[in-house]
Amino acid sequence: MWIPKFEPQTITMKKWLFSLFVFSLITETSAQTIIKRDPEIAAMVKEISPDSLKAYITKLVSFGTRSTLSSTTDKKRGVGAAREWVVQHFNDFAKNSNGRMIAYVDTTTIPADGRRVDVATNLGNAMAILKGTDSNDDRIYIISGHLDSRVTDVMNRTADAPGANDDGSGVAAVMECARIMSKRSFPATIIFVAVSGEEQSLLGSTFLANEAKTKNWNIDAMLNNDIMGSNNSNEINIIDNTRLRVFSEGISASDTGRVLSNVRNLGLENDSRSRQLARYVKEIGERYVDNLEVVMVYRSDRFLRGGDHTPFLQKGYAAVRLTEMNENYNHQHQDLRSDKGIVYGDLPEFMDFEYLRKNTGINLASLANLAKSPSMPQDVRVEVRNLTNSTTLNWKAPKNGKTQAYYVLMRETTSPVWQKKIFTTETTITLPYSKDNYFFAVQSINDIGNESLPVVPAAGR
Ligand SMILES: [Zn+2]
């Protein structure tokens, strides 16, 4: 829990006394806010099984290739058989959901584009939607992995392309979360999806993001899992299963005009909604998963690369990518072969299922905490009527959820993570810290302690 630190900023005795007064209030309230794990989320995280993750990946590999250009009609080999198998599992899980989960293959036809699609192709995302229990709450959270796989030549639709890690790991995480979470209920809706066409230029995720925008889905957050089940480098001898990267963009595609000026003027380039989501995944993930550090990378994806979160970012949704710390390029996008004693190819034997278990836990804990939390507080403002060395924030209750209280978050401008988490049951707070020197945000909390994503205050007069 946070330890209050008195900032020596006082000039007058009056201000000093005021600071001391607020300081004592914070100390008092914060003493009650030792954050505990929510037992339900802890139980779900414990249920994640490395054996089950391994079984999913073994089966995915058995389809030979899952190239988006491979057969969609063959019952045993190709992407069509693979997507039917994923949906069949989703349907099995749905039996325990009291009718709240539905599953289907969401299909479209992608015309030949002269680049990575040479003939019109039937593309299908394997989807499961776990409906929220609160009919007034339209929030949606998405967890994704990509079903398709590839070898060296992205147009090769026949060679064996096991795709155990890229992205069997992401699909297995999505399936395991669906298996465990479908048995529970959440106020908000969760979509579990194995998209297709990633290697062919993010086709399935673009199709889904377009659909989301057309249908006006209120997507609060999207977690894209791609390459996260093996953590060793092919260049240097690193084997480390204690760190997972979360990539997030700083400036959003929707940051244009006055919004972008605001970002520049207030120094908010490190406070985009996706960056807040990355911080959230780090805090909540690490709260529930032991021996794993979530490492934030201030970049939307790896250098010059993209992923299935990219189309969602382009549509203005908050989205991040989760990827292992060290990738092994001998095992990624490679024809299966041996050369000079090196085995190339994305095979299950290179996987670390215990590492994948922990990474799945980061996803599950974040998703569950989000879907259980109230929605975000509304109209969060920082008072700017008078110049002061203190900071007054006020806000309105969220639209949905059983809000019991709020956390006011605070960090120094150079800190990557929130440093103080101040509990309050009010909708206004004055802190003896200057808005010139700190960033602030507010989260809603329910009676169990599940917190919403944070909202950065706008200037209020
Ligand atoms: Zn991938």
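Shown above is the structure to which this text applies.
Fair warning: this is a prediction, and the values are worked out from it, not measured in the lab.

About the criteria used
Residues numbered from 1 in each chain as written. Predicted model: local features only at pLDDT ≥ 70, side-chain atom pairs only at ≥ 80, totals over all residues. Heavy atoms only, no water. Helix = DSSP H or I, 4+ residues; strand = E, 2+ residues; numbered from the N terminus. Buried < 20%, exposed > 50% of the residue type's maximum accessible area, 1.4 Å probe, protein only. Polar contact = N/O pair within 3.5 Å; in protein donor to acceptor, adjacent residues only side chain to side chain. Contact = heavy atoms within 4.5 Å. 1 Å grid on protein atoms, 1.4 Å probe; cavity = no way out; pocket = protein on both sides within 12 Å on 5 of 7 lines; lining within 4 Å. Points joined across faces, edges and corners; volume = space filled by probe spheres on them. Nonpolar A, V, L, I, M, F, W, Y, C, P; charged D, E, K, R; others polar. Pairing = 2+ DSSP bridges. Axes fitted to C-alpha atoms, helices over the stretch in contact; angles between N-to-C directions. Salt bridge = Lys/Arg side-chain N within 4 Å of Asp/Glu carboxyl O. Donors = N, O, S within 2.8 Å, 3.2 Å for Na, K, Ca; no water. Tetrahedral: all angles 85-135°; square planar, octahedral: opposite > 155°, others 65-115°. Lys, Arg positive; Asp, Glu negative; His and termini not counted. Parallel < 35°, antiparallel > 145°, perpendicular 65-115°, else oblique. Core = buried A, V, L, I, M, F, W, Y, C linked by side-chain atoms within 4.5 Å. Phe/Tyr/Trp six-rings, centres within 6.5 Å; stacked < 30°, edge-to-face > 60°.

### Things to note about the side chain of His 146
Along the chain, His 146 turns up in strand β3 (residues 139–146). Residue His 146 is classed as buried on the basis of its relative accessible area, which comes to 0%. At 2.9 Å, the side chain of His 146 forms a polar contact with the side chain of Asp 166. A polar contact of 3.4 Å, which involves the side chain of His 146, links it to the side chain of Glu 198. If we ignore the near neighbours within four places in the chain, the residues touching His 146 are Asp 166, Asp 167, Val 171, Val 195, Glu 198, Glu 199, Asn 225, Asp 226 and Asp 308.

### A look at empty space enclosed by the protein
For the structure on display, the rule yields 2 cavities of 30 Å³ or more. In terms of lining residues, the largest cavity is bounded by Asn 165, Asp 166, Ile 227, Ser 230, Glu 324, Asn 328, His 331, Gln 332, Asp 346, Leu 347, Phe 350 and Met 351. Approximately 30 Å³ is the volume attributed to the second largest cavity. Together, Gln 276, Arg 279, Tyr 280, Glu 283, Leu 409, Trp 418, Gln 443 and Pro 454 line the second largest cavity. Considering every element that reaches the lining of the second largest cavity, the biggest residue donor is helix α8 (residues 273–288), with 4 residues. For the lining of the second largest cavity, the residue count by class is 4 nonpolar, 2 polar and 2 charged.

### Things to note about the sheet that holds strand β8 (residues 319–324)
Strand pairing in a sheet relies on backbone hydrogen bonds, with the paired strands running either antiparallel or parallel. Taken in spatial order, the 8 strands make up an open sheet running β1-β2-β4-β3-β5-β8-β6-β7, and their pairing is mixed. Looking at which strands have only one partner, the edges of the open sheet turn out to be β1 (101–110) and β7 (293–298). The mean angle between the axes of side-by-side strands here comes to 25°, regardless of whether they run parallel or antiparallel. Bridge count for β3 against strand β5 (residues 218–225) is 6 bridges, and the pairing is parallel. If you follow Ile 142 over to β5, its bridge partner there is Met 222. Taken strand by strand, helix α6 (residues 203–214) contacts β1, β2 (121–130), β4 (189–195) and β5, and its axis lies near 55° from that of β2.

### Some details on the pattern of salt bridges
Throughout the structure, instances matching the rule amount to 28 salt bridges. Glu 383 is paired through a salt bridge with Arg 385; the nearest N and O atoms lie 3.0 Å apart. The structure contains a network of salt bridges with shared partners spanning Asp 226, Arg 245, Asp 301, Arg 302, Arg 321 and Glu 327.

### A short note on the sheet that holds strand β13 (residues 403–412)
Read from one edge to the other, the open sheet built from 3 strands follows the order β14-β13-β16, with strand pairing classed as antiparallel. What marks the edges here is a single partner per strand, and that holds for β14 (420–424) and β16 (438–446). Pairs of neighbouring strands in the sheet enclose a mean axial angle of 25°, with direction left out of account. Alignment of β13 against β16, held across 9 bridges, turns out to be antiparallel. Bridge pairing links Arg 411 to Phe 439 in β16.

### Examining the coordination of the zinc ion
Only His 146 (NE2), Asp 166 (OD), Asp 226 (OD) and Asp 226 (OD) from the protein coordinate the zinc ion, and they sit 2.0 to 2.6 Å from it. For the zinc ion, the 4 donor atoms in the first shell make angles of 53 to 147° at the metal, a pattern classed as irregular. As a motif over one chain, the donors of the zinc ion read H-x19-D-x59-D. Placement of the pair is His 146 in strand β3 and Asp 166 in the loop between β3 and α5 (168–181), with a sequence separation of 20 residues. As far as burial versus exposure is concerned, His 146 and Asp 166 are alike and both buried.

### Structural notes on the side chain of Glu 249
Relative to the helices and strands, Glu 249 is located in the loop between β6 (243–248) and α7 (257–266). Buried within the structure, Glu 249 lacks any salt-bridge partner; its nearest side chain of opposite charge belongs to Arg 273, at an N-O separation of 7.8 Å. Setting aside residues up to four positions removed in sequence, Glu 249 forms contacts with Ser 272, Ser 274, Arg 275, Arg 299, Ser 300 and Leu 313.

### Quick word on the packing of helix α3 (residues 50–61) against helix α4 (residues 79–94)
Running from N to C, α3 and α4 cross one another at 150°; their axes reach a closest spacing of 11 Å. The angle between α3 and α4 falls in the class roughly antiparallel. Only Trp 85, Val 86, His 89 and Phe 93 of α4 make contact with α3, whose side of the interface consists of Tyr 56, Lys 59 and Leu 60. The residue makeup of the contact of α3 with α4, split by class, is 5 nonpolar, 1 polar and 1 charged.

### Some remarks on the nonpolar core
In this structure, Val 86, Phe 90, Met 181, Phe 192, Leu 277 and Leu 364 are the most contacted members of the largest nonpolar core, which totals 73 residues. The element best represented in this core is helix α10 (residues 353–372), accounting for 10 residues. Apart from the residues within four sequence positions on either side, Met 181 is in contact with Met 44, Leu 130, Phe 186, Ile 190, Phe 192, Leu 364, Leu 367 and Ala 368. Grouped together as the second largest cluster of nonpolar side chains are 17 residues, Ile 191, Val 193, Val 195 and Ile 219 included.

### Examining the packing of α8 against α10
Running from amino to carboxyl end, α8 crosses α10 at an angle of 110°, the nearest separation of the two axes being 8 Å. By the angle class used here, α8 and α10 are roughly perpendicular. On α10, the residues touching Leu 277, Tyr 280, Val 281, Ile 284, Gly 285, Glu 286, Arg 287 and Tyr 288 of α8 are Ile 362, Ala 365, Ser 366, Asn 369 and Leu 370. Broken down by class, the residue content of the contact of α8 with α10 amounts to 8 nonpolar, 3 polar and 2 charged.

### Considering the packing of aromatic side chains
Applying the stated criterion to the full structure yields 5 aromatic pairs. Aromatic side chains Phe 63 and Trp 85 sit 6.1 Å apart centroid to centroid with 55° between the ring planes, which places their arrangement in the tilted category. Here Phe 63 is found in the loop between α3 and α4, whereas its partner Trp 85 is found in helix α4, with 22 residues between them in sequence. Using a relative accessible area of 5% as the deciding quantity, one classes Phe 63 as buried.

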